[in-house]
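# Commentary on secondary and tertiary structure
Chain by chain, the residues:
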Amino acid sequence: MTISNTVKITDELIAAHGLKPDEYQRILDLVGREPTFTELGIFSAMWNEHCSYKSSKKWLRTLPTKGEVVIQGPGENAGVVDIGDGDCVVFKMESHNHPSYIEPYQGAATGVGGILRDVFTMGARPIAAMNALRFGEPDHPKTRHLVSGVVSGIGGYGNAFGVPTVGGEVDFDARYNGNILVNAFAAGLAKTNAIFLSEAKGVGLPVVYLGAKTGRDGVGGATMASAEFDDKIDEKRPTVQVGDPFTEKCLLEACLELMASGAVIAIQDMGAAGLTCSAVEMGAKGDLGIELDLDTVPVREEQMSAYEMMLSESQERMLMVLRPEKEEEAEAIFRKWGLDFAIVGKTTDDLRFRILHQGEEVANLPIKDLGDQAPEYDRPWIEPKKPAPLAKDDIPQADVADALLKLLGSANLSSRRWVWEQYDTLIQGNSLQIPGGDAGVVRVEGHATKALAFSSDVTPRYCEADPYEGGKQAVAECWRNLTAVGALPLAATDNLNFGNPERPEIMGQLVKAIEGIGEACRTLGFPIVSGNVSLYNETNGQAILPTPTIGGVGLIHDWSKMARIGFAAEGEAILLVGAPAEWGTHLGQSVYMRDIHGRTDGTPPPVDLAHEKKVGDFVRGLIAEGIVTVVHDLSDGGLAVALAEMAMASGIGAEVSQLNGLSPIPIFFGEDQGRYLVTIPRERLEWFNAERLKDSGILAPQIGTTGGRELKLGGARAIPLAAMTEAHESWFPRFMGD
Amino acid sequence: MKSAVVVLPGLNRDRDMIAALTKIGGKPPLTIWQTDTEIPDVDLIVIPGGFSYGDYLRCGAIAARMPVMRAVAEKAAKGVMVIGVCNGFQILVEAGMLPGALMRNASLKFVCREVKLQVANANTAFTRSYSAGQIIRCPVAHHDGNYFADPETLARLEGEGQVVFRYAEGTNPNGSINDIAGIMNEGGNVLGLMPHPENLIEHAHGGSDGRGLFESVLGEQSRILTEA
């Protein structure tokens, strides 16, 4: 029985494929006739926002993407950065927001699977993962269900695949009620002389399909992810893919084995828009045509149409161009791992994307226009309105100890242990720092002293108030967290999550955030080497907070000198490095104002990038010299929360007495940027001030001393560590009903 | 002292285990593939952790029925030492080489954290480097580690000293009966345990409490290497 590929192309059908009338006209001009149903599906898959970056491309081009250590910038499956000794780190962050809202377990699981595949497609063995998660307000009826599903989905996939999850973020805000964010990061290690790319080379070579079979799951997923949600969202569940980490683990081993055999010319994983996107990318990048015969594609369901096969987002699949003489060897490797191996097509010299099915040509399209010459928009945007700064004397008061306890036990600042204990943080035996510190750290296998640090950061409330400053701050905080463990920040990946770009005010957020990110990356020498844009995060016209997540990677030359956040000993001096002359000052957009006083007004703290760099380089130098081993950066909740975290991580208390007599609220809760806490043995303080601090141009006054089992902040009552830990650790389990 | 590690599709702590055996034993172990029916002459076979065959059907159930496990059982019958860690423990139970069952954690969630273990029997080939009753640190990382056995089996295990490791100081992470973390067979040459001693063997791991297991089985040679 033949499967029909003839469906009448109507205006409704075009709209249902997310194509605008002008885009359809462009298709007609390109093809010179009415497209077939399969062709319409292919255009929809390639030209949607998710795959084409058509709204963001113009602005993404302004980001710095080059640097001394950058081997591969954006445009491939992941970015590649040199870490010396013939090794490189391959990494990227990617969103799986829309599917995770519709079906949290599988949505999050396949997000992890997708990003891991991006990394090993390039020839790297994954060594670390992170996840930046944003959920709606805790009391929203769907939030618990989403948290539970997403966390177990991430664990279910990552744990079985075998990669340690070493960092991430979990935030709650009402603005994510209808659109949660699941941003998955993965990094892998490869040899610099064995990086694999997607660009096909050579005419008449076999195009090989590898991995799992093609089913009907995920058909149209990328198009779904390029639209806003409404009340009928549940109808989109069939567009969510189903993950199989077991197959992915086998695929990893088989791919690495195959790559080592020298058989691979080009490789591309099948992610969004599956077979279509992977084949088009390989061909378009290599200036070659591709011809596929769908009768040879391994399928797990019968009677699949060409349209379904081309748009399926079944997971754990790869497409490769192989050296013909190595075909047999390649097939044997895949059979050994129980995976499918099929020659499904060939490269051609005519720059056409031809699809054959049951003896019929069901698509014949110009490959370049589908791929690297897809439409691009310069969407109208308006400058975001800046909020008024808080008045200098507008300092709402609260008891410092009460406020600190409340913040430590709040939805957004409480411990995330409930989450990360469901992730395998130790597998591979190289984890030096797991979640709970400033950055995750993993040692580089095969090297005696080197380690890589990972951090994922953004403060969406800052971005909402001022996208430019918020963009800068996201980069600066990531850079600061890497620095705080002693790592030299190398490069970053960006995952830009925004609302509907067709609204000028949303487009304005995107434009200004990218401008801020670019500015910070340039000043800090922290190029963007990969990334992903997720737009249309809106439900019934309500957009998410602008959330440009930055995932950064840093290099530690000698991990024996790495710093941690917990106090190391009693009686040590606590120094506030990078302190402004007038101490903490900035309460606008702070968590203190939001969570203690219910206020979200004011400007976010500005980031002085020159100051940031100077202070960060100074702190990193102190760590490398072995002068300090205890470091924590200041961020949400300011000085008070940072001190509490250092105390809770160690079981050692502190007394902060040097700031008495000043207005305590801005000092303890202000979120001024570019600051770190470090400790130093008291007997070395004089030496430190004379030999290291004096000519540095940096302020690092002592603010207190470690010791005891309480935290005493200025004139406030002392808080027992046990009370802080109780508040900090109990919120999440209680929230989830454990 | 020759050792071998069983490698099955879906296992993922094989590299951790190979690293531990290499670092502590001084030479890398052999690896054995799922379809191997003959195992070379070795003194120790280790089945590492992971998710063999995706843990589909039931943890360890498919692996237990692969050809390689018949060969492992034959070796065990001849007195060769066998250790199953995590998924390896589940496989040994499914293969009938150890009694009882490993059920889903009482919390119904995957759990990865450090726990305390008591060496319940230090008079075994696997624990002779520890002292009796010694409390050690050790990480766990599993979804199905809730050990269960019927009362009769349990009484036998307890009575014969076959309970080798027990979760201590209230750190039982999975609801295991009698806080059981690891057991051995009657012959004393097959050990199964849920925790991962291979992930706590050096300074980089923040401790080396897991070394004792490997030093016990790898013998004198390893102790010399460790001290050097």
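Residue indices begin from 1 for each chain and proceed along its sequence in written order. The lettering of chains begins at A and the numbering of ligands begins at 1, in the order of writing. It should be noted that, the model being predicted, local features are given only for residues of pLDDT at least 70 and side-chain atom pairs only at 80 or more, the latter also being counted only at that level, while totals for whole chains, interfaces and linings use all residues.

Attention now moves to the UniProt feature "active site" (unreviewed entry) in chain B. All names here are of chain B. UniProt positions are given in the numbering used here, feature names are shortened, and annotations may be inferred rather than shown by experiment. The UniProt entry lists Cys86, His196 and Glu198 under the feature "active site" (unreviewed entry), expressed in the numbering used here. Sequence-wise these annotated residues cover 113 residues; spatially they are packed, their C-alpha atoms never more than 11.1 Å apart. Numbering of helices and strands starts at the N terminus; helices are DSSP runs of H or I of at least 4 residues and strands are runs of E of at least 2. Looking at where cysteine 86 falls in the secondary structure, it is placed in the loop between β4 (81-85) and α4 (87-94). Assessed through the 30 C-beta atoms surrounding it within 10 Å, cysteine 86 is described here as buried. Contact definition: two residues whose C-beta atoms, as placed from backbone geometry, lie within 7 Å. Ignoring anything within four residues of it in the chain, the contact list for cysteine 86 reads Arg13, Gly49, His142, Met194 and His196. Any residue with 12 or fewer other C-beta atoms within 10 Å of its own C-beta is exposed, any with 20 or more is buried, and the rest are partly exposed; the C-beta atoms used are placed from the backbone.

Residues and elements named next belong to chain A. Joining buried Ala, Val, Leu, Ile, Met, Phe, Trp, Tyr and Cys residues through C-beta atoms within 7 Å gives a set, and that set is a nonpolar core. Core analysis: the largest hydrophobic core is formed by 325 residues, its most contacted members being Met46, Val90, Val119, Ala187, Val475, Leu643 and Val678. Per element, the largest residue contribution to this core is 10 residues, and it comes from helix α19 (residues 504-524). In contact with alanine 187, other than residues within four places in its own chain, are Val89, Val90, Phe91, Val119, Ile127, Ala128, Leu452, Phe454 and Val553.

Chain B puts 22 residues into the contact, and the matching count from chain A is 21 residues. Secondary structure elements with two or more residues in the side of chain B that touches chain A: α1 (14-25), β6 (111-119) and β7 (135-142) of chain B. For the side of chain B that touches chain A, the per-class residue count stands at 10 nonpolar, 6 polar and 6 charged. Throughout this entry, Asp, Glu, Lys and Arg are counted as charged residues, while Ala, Val, Leu, Ile, Met, Phe, Trp, Tyr, Cys and Pro are counted as nonpolar. The remaining residues, Gly among them, count as polar.

This part is about the UniProt feature "domain: Phosphoribosylformylglycinamidine synthase linker" (unreviewed entry) in chain A. When the UniProt feature table is mapped onto this chain, "domain: Phosphoribosylformylglycinamidine synthase linker" (unreviewed entry) is found at residues 17-54 of chain A. The span residues 17-54 of chain A shows a helical share of 68% and a strand share of 0%, and its end C-alpha atoms are spaced 16 Å apart.

This part is about the environment of A:Asn97. Residues and elements named next belong to chain A. Tracing the backbone through its elements, the reader meets asparagine 97 in helix α6 (residues 97-102). Distance from asparagine 97 to leucine 133, taken between C-alpha atoms, is 9.2 Å for residues 36 residues apart in sequence. With residues up to four places along the chain from it excluded, the contact list for asparagine 97 reads Asn179, Ile180, Leu181, Val182, Asn497, Ser534 and Asn537.

Residue and element names in this part refer to chain A. Buried residues dominate strand β25 (residues 676-681), accounting for 5 of its 6 residues. Both strand β22 (residues 572-577) and β25 contribute to a ladder of 6 bridges, which runs antiparallel. Of the residues in β25, the one forming a bridge with glutamate 572 is proline 681. In this analysis, strands are considered paired if DSSP registers two or more bridges between them.

We now examine helix α25 (residues 721-735) of chain A. Residues and elements named next belong to chain A. By definition here, a helix of n residues has an expected span of 1.5 Å times n minus one. A rise of 1.5 Å per residue sets the reference length of α25, with its 15 residues, at 21 Å; its end C-alpha atoms lie 22 Å apart and thus fit the reference within 8%. The largest bend along α25 measures about 30° and falls at glutamate 729, with the proline proline 733 one to four residues further on. Among all positions of α25, only Leu721, Met724, Ala727, His728, Trp731 and Phe732 are buried. Where α25 is buried, its residues touch α15 (400-408), α16 (417-420), α22 (638-650), β27 (710-713) and β28 (719-720). Given a residue, its bend is the angle between the two axes fitted to the seven residues that end at it and to the seven that start from it.

Let's shift gears to the UniProt feature "binding site: Mg(2+) 2" (unreviewed entry) in chain A. Residues and elements named next belong to chain A. The positions that UniProt labels "binding site: Mg(2+) 2" (unreviewed entry) are, in the present scheme, Asp118 and Asp269. In three dimensions, the annotated residues from a span of 152 residues occupy one location, with a maximal C-alpha spread of 6.7 Å. Position of aspartate 118 relative to the elements: it lies in helix α7 (residues 104-120). Ignoring anything within four residues of it in the chain, the contact list for aspartate 118 reads Asn77, Ala78, Lys92, Glu94 and Asp269. For aspartate 269, the location among the structural elements is in strand β8 (residues 264-269). Judged by C-beta crowding, with 28 C-beta atoms within 10 Å, aspartate 269 ranks as buried. For aspartate 269, the residues in contact, after removing those within four places along its chain, are Asn77, Arg117, Asp118, Thr121, Ser278 and Met318.

Turning next to the environment of A:Phe618. Residue and element names in this part refer to chain A. Tracing the backbone through its elements, the reader meets phenylalanine 618 in helix α21 (residues 609-624). Judged by the 19 C-beta atoms lying within 10 Å of it, phenylalanine 618 is partly exposed. When the C-alpha atoms of phenylalanine 618 and isoleucine 698 are compared, they prove to be 8.4 Å apart, with 80 residues separating the residues in sequence. Filtering out sequence-adjacent residues up to four positions away, phenylalanine 618 remains in contact with Val577, Ser696 and Ile698.

Our next topic: the sheet that holds strand β3 (residues 87-95) of chain A. Residue and element names in this part refer to chain A. Overall, mixed pairing links the 6 strands, which are arranged β1-β2-β3-β6-β4-β5 in an open sheet. Strands at the two margins of the open sheet, each flanked by one partner only, are β1 (70-72) and β5 (165-172). With strand direction ignored, the average angle separating the axes of adjacent strands in the sheet is 20°. Two elements, strand β4 (residues 125-135) and β5, share 7 bridges in a ladder whose sense is parallel. For leucine 133, the partnering residue across the bridge sits in β5 and is valine 170. Here an axis means a line fitted to C-alpha atoms, over the contact stretch when the element is a helix, while the angle between two N-to-C directions is reported on a 0 to 180 degree scale.

Here the focus is the confidence of the model for chain B. Interpreting fine coordinate detail is not advised for predicted regions of low pLDDT. A score between 0 and 100, pLDDT records how confident the predictor is in each residue. Chain-level statistics for chain B give a pLDDT mean of 95 and a share of 96% at 70 or above. Two summary scores accompany this predicted model of the complex, namely pTM at 0.96 and ipTM at 0.96.

All names here are of chain A. In this structure, lysine 472 sits in helix α18 (residues 467-484). We classify lysine 472 as buried; it has 30 C-beta atoms within 10 Å. In this structure the C-alpha to C-alpha distance between lysine 472 and isoleucine 556, which are 84 residues apart in sequence, comes to 24 Å. Residues within four places of lysine 472 in sequence aside, it is in contact with Gly516, Glu519, Ala520, Val607 and Leu609.

Quick look at the sheet that holds strand β21 (residues 547-556) of chain A now. All names here are of chain A. Read from one edge of the open sheet, 6 strands run β14-β15-β16-β21-β17-β18, paired in mixed fashion. The open sheet terminates on both sides in strands that have one partner only, identified here as β14 (431-433) and β18 (528-534). Along the sheet, successive strands turn relative to each other by an average axial angle of 20°, direction set aside. Strand direction decides the pairing type here: strand β17 (residues 488-497) and β18, joined by 6 bridges, are parallel. Bridge pairing in β18 places alanine 492 opposite isoleucine 528. Relative to β17, α19 is tilted by about 175°, and along the sheet it contacts β17, β18 and β21.

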